[in-house]
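In case you want the letters, here they are:
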Amino acid sequence: MADEKEVKRCAHPGCGCPADEDSDYCSAYCEGAGDTAEIDCECGCPTCH
Ligand SMILES: [Zn+2]
Ligand SMILES: [Zn+2]
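A brief structural summary. Computed from a predicted model, the values in this text were never measured in an experiment. (Residues numbered from 1 in each chain as written. Chains lettered and ligands numbered in written order. Predicted model: local features only at pLDDT ≥ 70, side-chain atom pairs only at ≥ 80, totals over all residues.)

Bringing the overall build of the protein into the picture now. When helices and strands are tallied, the protein shows one helix and zero strands. Intrachain contacts of the protein at a sequence separation of at least 6 include 25% that bridge at least 24 residues. (Helix = DSSP H or I, 4+ residues; strand = E, 2+ residues; numbered from the N terminus. Contact = placed C-beta atoms within 7 Å.)

Our next topic: the nonpolar core. Core analysis: the biggest nonpolar cluster contains eight residues, these being C10, C15, C17, Y25, C26, C30, C41 and C43. If sequence neighbours within four positions are ignored, C43 has contacts with C15, C17, C26, S27, Y29, C30 and C48. (Core = buried A, V, L, I, M, F, W, Y, C linked by C-beta atoms within 7 Å. Buried ≥ 20, exposed ≤ 12 C-beta atoms within 10 Å, placed from the backbone.)

Attention now moves to the environment of H12. Inspection of the secondary structure assignment puts H12 in the segment before α1 (28-32). Since 26 C-beta atoms lie within 10 Å of it, H12 is described here as buried.

For the rest of this paragraph, the subject is the environment of E42. Here E42 shows up in the segment after α1. On the neighbour-count criterion, E42 (14 C-beta atoms within 10 Å) is partly exposed. A C-alpha to C-alpha distance of 8.7 Å links E42 and C15, two positions 27 residues apart in sequence.

Structure below.
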């Protein structure tokens, strides 16, 4: 069995980064673009690029 914790993912449709504990998004970029279904996420997270 995997011993992974349940990680909340960023609410941005085009982003798959883990979200901050205090937020539904991984970054301010995604928080501002949360309603925009952009394919290219430019949040700057290394996991996104
Ligand atoms: Zn991202
Ligand atoms: Zn994000």
